[in-house]
Amino acid sequence: MALRSAHELAGQLAKGAVTSEELVRRSLAHIKATEPRLNAFVTVMEEQALAAARESDKRRAAGQTLSPLDGIPVAIKDNMNTEGVRTTCSSRMLEQFVPPFSSTAVRKLQDAGLVVVGKTNLDEFAMGSSTENSAFGRSANPWDTDRVPGGSSGGSAVAVAGGQVPLALGSDTGGSIRQPASLCGIVGLKPTYGRVSRYGLVAFASSLDQIGPMTVDVEDAALLLGTVAGHDPLDSTSADVPVPDYAASLRSFDWKGRRVARPKEFFTGEGLDPEVARCADAFLEKLASLGAEIVDVSMPHLKYSISTFYIVATAEASSNLARYDGAQYGFRAAGTKNIIEMFSRTRAQGFGPEIKRRVMMGTHVLSAGYYDAYYNKAQKVRTLIKRDYDRALEKADLVAAPTSPFPAFLAGSRMDDPLAMYLCDVFTISLNLAGYCGLSLPSGFTEGGLPIGMQLMAGAFEEEKLLGAAWQLEQALGVAGSRAPEIAGASA
Amino acid sequence: MKITPELVEHVALLSRLELTEEQKAQFSRELSKIFEYVEQLGEVDVSGVEPTAHPLPQKNKFRPDEVVPGLANETALANAPETEDVYFKVPQVL
């Protein structure tokens, strides 16, 4: 049985075959039935969601729908602020934090009539690749609940792959949308830096963070991106670039004569699982059969992307997370004698181990005597990584790569080795350093039945081409929309 | 580079993180391993390469300097761990 896509549900709403209230009740019931196994949500907004659904039904009855997705349930990663609804970042530090404002992306969804049903689990402050670093427990992969869903947007990936909601928003700093999408068998898109406003997205690494869609299929990704994209006066780094009608142009893309770069570093890397390698070969063969020309390229600086990322991202994080000091909001340690003790103990008790590790790493690389050796050097290597992308994109329309070097791994298997966890992002992390856009597409399965995703990447603000290319390929592959067998029985 | 427990202590102070002795030893081990890995950047020739702080060109954007409503005092204080009157309250500073 296939997962229901949002565009399919929107068609049923438009025909009057179903109401938004029915869709939202179905979603809430399925969440209730499956959460004991999946733990995708930190907060479920039952009352607000039902009220919003009834408003949507009233608008529809009056012929005043706000968008094609009016009335569709959606889940939000819990690092995007939602006015009046707690926003925890899956951290003890913000466990009780109720923001007085909404992020622009959430506001745009609500302005388009979508119904927010809840806030999804993540690795604390979006730092992690397995959704195990959460103050609210780990999320489980619907394809095998002993395995991780990837991360950090693991809760959003699980909510979509488990059929709890048709759509979700995630955020991607080094692969946090694409990697969980790959491990859960759904579509995940990291837009170009600046395509979606970051206002109200709790900052991890401000030069890398980007909000994007996590969906059942490519058409939904196009619809959801179109809803949240655009310039925002509240985020000066959001781009003043027109937003095309992504969904309308999907079918006009033609693979014939298109060139796809195959960087050898992405396809021969050590640690690449043989089943993922086979899937990657089949993916390229499929592209060729659609008329694309595969161009072999080399991107010699990709092997430095993990090191570069963990210097740049931790430096930015150490600065961004300095605000959690127990003074104005969030957790405060009890019984401290002076303000330094309050800061230090609040952060000791409020942050999990991965946050501490990264804050210290970032503080160290920015500290006197080390700045040039680490931070400045990493910023220069970042330039070289970006140039590798620019050269590949001069020779080709798109770049192809596996999304993750391996399929979903067993929970607990990487938690004792931070560096082994960082290597999960080896194929996704360089794109954030370059700032360009990329999409993970469900492309096959392991013999054991775990999903495998493949990435397509394109240049700045080329989401229209990227989505069209992915849509055509999706039709040819026929993998997207597959429902996890584990959860199928409980389906609403 | 080796991140000694003493260096961990120094960085933890800069980071305003109170650590137990056990944590200092653990972070020393883990951070040493991570910094050993990132040493690979030493082999990259970056002479003449400009640093990238921002992935795409940014230009300053201006907006009209108009007064808009801000957060009301009680809204701003609503999440505060401790307040007094219209203020955030913290332990002794000096």
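Check the entry above for the structure.
Read on for a plain summary of the structure. (Residues numbered from 1 in each chain as written. Chains lettered and ligands numbered in written order. Predicted model: local features only at pLDDT ≥ 70, side-chain atom pairs only at ≥ 80, totals over all residues. Heavy atoms only, no water.)

Residues Val90(B), Val93(B) and Leu94(B) make up a contiguous nonpolar surface patch of about 330 Å² in total accessible area. Tracing the sequence through the fold places Val93(B) in the segment after β2 (87-88). (Patch = residues over 30% accessible without salt bridge, like charges linked within 9 Å, V, L, I, M, F, W, Y side chains within 5 Å. Areas by Shrake-Rupley, 256 points an atom, 1.4 Å probe, with all protein chains shown as cover. Salt bridge = Lys/Arg side-chain N within 4 Å of Asp/Glu carboxyl O. Helix = DSSP H or I, 4+ residues; strand = E, 2+ residues; numbered from the N terminus.)

Attention shifts here to the pairing of strand β2 (residues 73-77) of chain A. All names here are of chain A. Counting buried positions along β2 gives five out of five residues, so the element sits mostly inside the fold. Burial along β2 is two-sided: the residues Pro73, Ala75 and Lys77 and Val74 and Ile76 are all buried. With five bridges joining them, β2 and strand β3 (residues 115-120) adopt parallel strand pairing. Paired with lysine 77 across the two strands is threonine 120, which belongs to β3. Bridge count between β2 and strand β4 (residues 167-171): three bridges; the pairing is parallel. For alanine 75, the partnering residue across the bridge sits in β4 and is alanine 168. (Buried < 20%, exposed > 50% of the residue type's maximum accessible area, 1.4 Å probe, protein only. Pairing = 2+ DSSP bridges.)

All names here are of chain A. Structurally, glutamine 210 can be placed in the loop between β5 (187-190) and β6 (211-215). Considered as a pair, glutamine 210 and methionine 361 are 151 residues apart in the sequence and their alpha carbons are 22 Å apart. When residues no more than four places from it in sequence are discounted, the contact partners of glutamine 210 are Gly170, Ser171, Asp172, Ile177, Lys190, Pro191, Thr192, Tyr193, Gly194, Arg195, Val196 and Arg198. Of the polar contacts made by the side chain of glutamine 210, one reaches the backbone nitrogen of arginine 195; its length is 3.4 Å. (Contact = heavy atoms within 4.5 Å. Polar contact = N/O pair within 3.5 Å; in protein donor to acceptor, adjacent residues only side chain to side chain.)

Let us look at the pattern of salt bridges. Scanning the model with the defined rule gives 26 salt bridges over all chains in all. For the salt bridge of Asp388(A) with Arg391(A), the shortest nitrogen-to-oxygen distance reads 4.0 Å. With Asp388(A) and Arg391(A) both in helix α13 (residues 371-395) and three residues apart, this pair spans about one turn of that helix. What makes Arg391(A) partly exposed here is its relative accessible area of 47%. Between Glu84(B) and Lys89(B) there is a salt bridge whose closest N-O contact spans 3.2 Å. Overall, Glu84(B) belongs to the partly exposed group, its relative accessible area being 47%. Taken together, the salt bridges that share partners define one network made up of Arg332(A), Glu82(B), Glu84(B) and Lys89(B).

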